[in-house]
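# Reading the structure
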Amino acid sequence: MRHENYFLQYNYNINIIKKEVNGKLGEKNMEIIGFLAAFTTTIAFLPQTLKTIINRNTEGLSLVMYLTFTLGVLMWIVYAIYIRDLAILLANLFTFIFSIIILCVKFYNVKINHEKI
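## Topic: the overall build of the protein
- When helices and strands are tallied, the protein shows five helices and zero strands.
- When the helices and strands of the protein are listed from N to C terminus, the series reads α-α-α-α-α.
- Scored against the burial criterion, the 117 residues of the protein give a buried share of 22%.
- Intrachain contacts of the protein at a sequence separation of at least 6 include 64% that bridge at least 24 residues.
- With an accessible surface of roughly 9000 Å², the protein has 68% of that area assigned to carbon and sulfur atoms.

Pasting the structure below:
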């Protein structure tokens, strides 16, 4: 019962904060911030993806980490569809594509070049 009270209080506090932020910044501005956050965190993956494509070197990349990360990104995509949030969906779709590219090169290197996992 105690944990439920903490959860209810947390949700209440979050709703108050959301109302305050929306009141001061406006819902449209918050949406812009969401898209900017999605863009910047997604674009951060582009240099690693390009470097991996060009050099075909994945020796320093952990296969387990990228598999786990890609699964997490896939779950974010499902969640974004569920809550109908375009910023989260687009960011994670592109991140998923970048991650799959890196994973494919990693799998190729492990299989063909006998690179360590």
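## Re the packing of aromatic side chains
- Inspection of the entire model under this criterion finds three aromatic pairs.
- When the ring of Phe45 is compared with that of Phe69, the centres are 5.0 Å apart and the planes differ by 15 degrees; the resulting orientation is stacked. Here Phe69 lies in helix H4 (residues 63–83) and Phe45 lies in the loop between helix H2 (27–43) and helix H3 (46–55), a separation of 24 residues in the sequence.
- Residue Phe69 is classed as partly exposed on the basis of its relative accessible area, which comes to 26%.
- Measuring from centroid to centroid gives 6.5 Å for Tyr66 and Phe69, while their planes differ by 70 degrees, and the two rings are edge-to-face. Of this pair, Tyr66 and Phe69 both sit in helix H4, three residues apart, which is roughly one turn of the helix.

## Comments concerning helix H5 (residues 86–111)
- With 26 residues, H5 ought to run about 38 Å at 1.5 Å a step, and its terminal C-alpha atoms sit 37 Å apart, in line with that.
- Every buried residue belonging to H5 is among Ala87, Leu89, Ala91, Asn92, Thr95, Phe98, Ser99, Ile102, Leu103, Val105, Lys106 and Asn109, and all of these are buried.
- Among the structural elements, H2, H3 and H4 are those in contact with the buried residues of H5.
- Measuring from the backbone nitrogen of Ala87 back to the side-chain oxygen at the start of H5 gives 3.1 Å, which picks out Asp85 as the cap.

## Focus: the side chain of Ser99
- Among the secondary structure elements, Ser99 is positioned in helix H5.
- Taking the relative accessible area as the measure of exposure, Ser99 reaches 0% and is therefore buried.
- A polar atom in the side chain of Ser99 sits 2.4 Å from the side chain of Thr70.
- Ignoring anything within four residues of it in the chain, the contact list for Ser99 reads Tyr66, Phe69 and Thr70.

## Concerning the confidence of the model for the protein
- For the protein, per-residue confidence averages 84 on the pLDDT scale, and 79% of positions sit at 70 or higher.
- Averaged over each element, pLDDT in the protein is lowest for helix H1 (residues 2–25) (60) and highest for H4 (95).

## Observations concerning the packing of H3 against H5
- Where H3 contacts H5, the two axes come as close as 9 Å, and the packing angle between them is 30 degrees. By the angle between their axes, H3 is roughly parallel relative to H5. In the crossing of H3 with H5, the sense of the turn from one axis to the other is left-handed. Touching Leu46, Gln48, Thr49, Thr52 and Ile53 of H3 are Phe98, Ile101, Ile102 and Val105, all from H5.
- For the contact of H3 with H5, the class distribution of residues is six nonpolar, three polar and no charged.

The rules behind each value
- Residues numbered from 1 in each chain as written.
- Predicted model: local features only at pLDDT ≥ 70, side-chain atom pairs only at ≥ 80, totals over all residues.
- Heavy atoms only, no water.
- Helix = DSSP H or I, 4+ residues; strand = E, 2+ residues; numbered from the N terminus.
- Buried < 20%, exposed > 50% of the residue type's maximum accessible area, 1.4 Å probe, protein only.
- Contact = heavy atoms within 4.5 Å.
- Areas by Shrake-Rupley, 256 points an atom, 1.4 Å probe, with all protein chains shown as cover.
- Phe/Tyr/Trp six-rings, centres within 6.5 Å; stacked < 30°, edge-to-face > 60°.
- Expected span 1.5 Å × (residues − 1).
- Polar contact = N/O pair within 3.5 Å; in protein donor to acceptor, adjacent residues only side chain to side chain.
- pLDDT = per-residue confidence, 0-100.
- Axes fitted to C-alpha atoms, helices over the stretch in contact; angles between N-to-C directions.
- Parallel < 35°, antiparallel > 145°, perpendicular 65-115°, else oblique.
- Left-handed = near helix turned anticlockwise from the far one by under 90°.
- Nonpolar A, V, L, I, M, F, W, Y, C, P; charged D, E, K, R; others polar.

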